[in-house]
Structure formats: structure tokens, C-alpha cells
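Structure at a glance
In case you want the letters, here they are:
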Amino acid sequence: MSLTKINIEELSLNPFAKIGKQWMLISAGTPERWNTMTASWGGVGVIWGKPAATCYIRHRRYTREFVDGSEYFTLTFLQDGHRDALGLLGSKSGRDIDKMHQSGLTPVFVDGQPTFAEAELVLVCRKRCKSEIAPEDILHQEIIDRWYEDRDFHTMYIGEIVAAYQG
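How each quantity is defined
- Residue positions within a chain follow its written sequence, with the count starting from 1.
- Where local features are concerned, this predicted model is filtered to residues with pLDDT of at least 70; where side-chain atom pairs are given and counted, the filter is 80 or more; whole-chain, interface and lining totals use all residues.
- Values reported for side chains reflect all heavy atoms of the structure, with hydrogen atoms and water molecules removed beforehand.
- Under the scheme applied here, a residue whose accessible area is under 20% of the maximum for its type counts as buried, over 50% as exposed, and between as partly exposed, the area being computed with a 1.4 Å probe on protein chains only.
- For helices the rule is a DSSP run of H or I covering at least 4 residues; for strands it is a run of E covering at least 2, with both sets numbered from the N terminus onward.
- In this description, one arc is meant: the one made by directions from the helix axis to the C-beta atoms.
- Residues count as neighbours in contact if any of their non-hydrogen atoms are within 4.5 Å of one another.
- Identification of polar contacts relies on pairs of N or O atoms within 3.5 Å, with a donor-acceptor requirement for protein atoms, meaning one able to donate a hydrogen and the other able to accept it, and with residues adjacent in sequence counted only if both atoms are side-chain atoms.
- In this description, a disulfide is simply a cysteine sulfur pair whose atoms lie within 2.5 Å.

**With respect to helix H3 (residues 83-91)**
For H3, the complete set of buried residues consists of Ala85, Leu86 and Leu89. The buried residues of H3 occupy one face: seen down the axis, they fall within an arc of 100°. Seen from the buried face of H3, the exposed residues on the opposite side, beyond 90 degrees, are Asp84 and Ser91. Check the buried side of H3 and you find it contacts helix H1 (15-22), strand E2 (24-29), strand E3 (34-39), strand E6 (72-78) and helix H4 (99-102).

**Quick word on the environment of Arg83**
Examined against the element boundaries, Arg83 turns out to sit in helix H3. Between the C-alpha atom of Arg83 and that of Gln22, which follows or precedes it by 61 residues, the distance is 8.5 Å. The contacts of Arg83, once residues within four sequence positions are left out, are Lys21, Gln22 and Trp23. A polar contact of 3.1 Å, which involves the side chain of Arg83, links it to the backbone oxygen of Gln22.

**Here's the deal with the environment of Lys127**
Structurally, Lys127 is set in strand E9 (residues 119-132). Sequence-wise, Lys127 and Gly42 are 85 residues apart; in three dimensions their C-alpha atoms are separated by 14 Å. Non-local contacts of Lys127, meaning those with residues more than four positions away in its chain, are made with Val67, Asp68, Gly69, Ser70, Glu71, Tyr72, Phe73, Tyr157, Ile158 and Gly159. Reaching out from Lys127, the side chain makes a polar contact with the backbone oxygen of Asp68 at a distance of 3.0 Å.

**Comments concerning the state of the cysteines**
The tally for this structure, following the rule as stated, stands at zero disulfides. Left unpaired, Cys125 is separated from the closest cysteine sulfur, that of Cys55, by 7.3 Å. Exposure remark for Cys125: the relative accessible area of 0% places this residue in the buried category.

**Brief notes about the environment of Phe116**
Along the chain, Phe116 falls in strand E8 (residues 113-116). Owing to a relative accessible area of 0%, Phe116 belongs among the buried residues under this scheme. Distance from Phe116 to Ile143, taken between C-alpha atoms, is 33 Å for residues 27 residues apart in sequence. Once you skip the residues sitting within four places of it in the chain, Phe116 turns out to touch Leu3, Leu25, Ser27, Trp34, Thr36, Leu78, Met100, Leu105, Thr106, Pro107 and Val108.

In short, the description is geometric, and any link to function would need to be established separately.
Pasting the structure below:
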């Protein structure tokens, strides 16, 4: 299976279904060293006059090191039938196992960025902003109580979508 570059202007997706229900993979790094993780928080839209995507990574996640050290990251939405792989990639750390290969997925690179051949859609994002979500920035205590009981807050990344690929 191959990925075909598509025009970002023609992209049509429901972020509530794609991100919140289907889930996505956040990946970054080089062909020699990279990592990925499953995420169900994020968004797409326009900021600073450009198509953009946001993703959120907890401080403890290994993938955060790769996103921090890279100019680009990818958001990958897999074709149906890969829920087990998404579960593994979201629950195991690349520090401990080679989860990208153990997932049964086929790693590939587009525009020098990591993704998987089983992708339905890949967004290549150029990192434009990084912002730490701090407890004092959260306006409702119930959010902290529900999502940050362990005080492991997220970093928000905004990336300009510079390319899109379809599987």
C-alpha cells in the first residue's frame, strides 16, 4: 500500500470522529531514531493564517522527547481494523520495547517524517508553538480532579499542516 500526497485545501474530516473516536498516532524523529504514541486529544483548524493541527502530550511520554527535538511531527489516522495496534502504541513505552514493530504496522517515512503504511490519512505538521498547560491555567478544578489527579500535565503543540497523505 502506498500513500498519495493530497491537496490540504481539499481535505475534509470530522475531527470529533477522527481524533476522539478513531484516535490518531503522534510520531516524530528520524529514520534512525523515532517514536509514536496514540492520542485522542487534538484539533484541526486555522491559526496564523495557515492550516494547523494541535496535539497534547503528557510530560512523562517518551514521544514528547522526539516532538521536542524535531521541527516536524506527523498525525496518522489508521484504516479500520487496527484498534489493537493503537492500544499497544498508547499503552507501552518505546523506552522499553520496539512497539512500532511489535504493533504489526509497517513503518514508512513521508517527507522524511515517520508514519505507517496502514494510514488512511497522514498530516505532516511543522511545529510552530509549544505551550505547557499549567494548573493555574485551567479554569475549573473538576478538570484537574478528573484528568490530572497524578499532576502529569500536558504540553500543547501547534503545528502548521504542510502536507497531507491519503492511503
